[in-house]
Amino acid sequence: MQLGELEKQVLHYLWQYKTADAKQVFAYFESKRGGTLNTIQSTLDRLYKKGLLTRHKVSYAWQYEPKVEKNQLIAQLIKSVTSDFISDEENGLIAAFSSISSELNEDQLLKLESLIEEQKQKLQQGK
């Protein structure tokens, strides 16, 4: 899945504000980046069709909400990108995480270690 720059910005907006209609999103971005209400409406519709937003009618307007959390989307994007380069049998994803870990600080590494331990425990409980 690929996301355009405006799509990413709209997702960040909705993660922060939780719910909005096209006019609210447009009002926020109008002074920051320009554009038209139609562009915002199209962007929201694309994100909805990609399964990243939910929507429901309030009066005559669609109210949009994020369907996925930020971390879930990041995981989906990483998986999507890496699947283009590695097969299921390869440890390319592990190698990629190992390579990027050199850029993490100690707190981030400790958090990553904790998350790995949690996941290992879940796997063991499932057996």
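Residues numbered from 1 in each chain as written. Predicted model: local features only at pLDDT ≥ 70, side-chain atom pairs only at ≥ 80, totals over all residues. Heavy atoms only, no water.

Asker: Just checking my understanding: could you explain the packing of aromatic side chains for this structure?
Answerer: Across all of its chains, the model carries 5 aromatic pairs by this definition. With a centroid separation of 4.7 Å and an interplanar angle of 45 degrees, the aromatic rings of Tyr-13 and Tyr-28 are classed as tilted. With Tyr-13 in helix H1 (residues 5–17) and Tyr-28 in helix H2 (residues 22–33), the pair connects residues that are 15 residues apart, well separated along the chain. Classification of Tyr-28 by relative accessible area gives partly exposed; the value is 28%. A centroid spacing of 5.0 Å and a plane angle of 90 degrees characterise the contact between Tyr-28 and Phe-29, whose relative ring orientation is edge-to-face. (Phe/Tyr/Trp six-rings, centres within 6.5 Å; stacked < 30°, edge-to-face > 60°. Helix = DSSP H or I, 4+ residues; strand = E, 2+ residues; numbered from the N terminus. Buried < 20%, exposed > 50% of the residue type's maximum accessible area, 1.4 Å probe, protein only.)

Asker: When you look at the pairing of strand E2 (residues 61–66) in this model, what are you seeing that I'm missing?
Answerer: The side chains of a regular strand alternate between the sheet's two faces. Summarising the sheet, strand E1 (residues 53–58) and E2 pair through 6 bridges and their orientation is antiparallel. Looking at E2, one finds that Val-58 is bridged to Ala-61. A loop of 2 residues connects E1 with E2, the two strands running antiparallel in sequence, and Ser-59 in this loop sits at a positive phi of about 60 degrees. (Pairing = 2+ DSSP bridges.)

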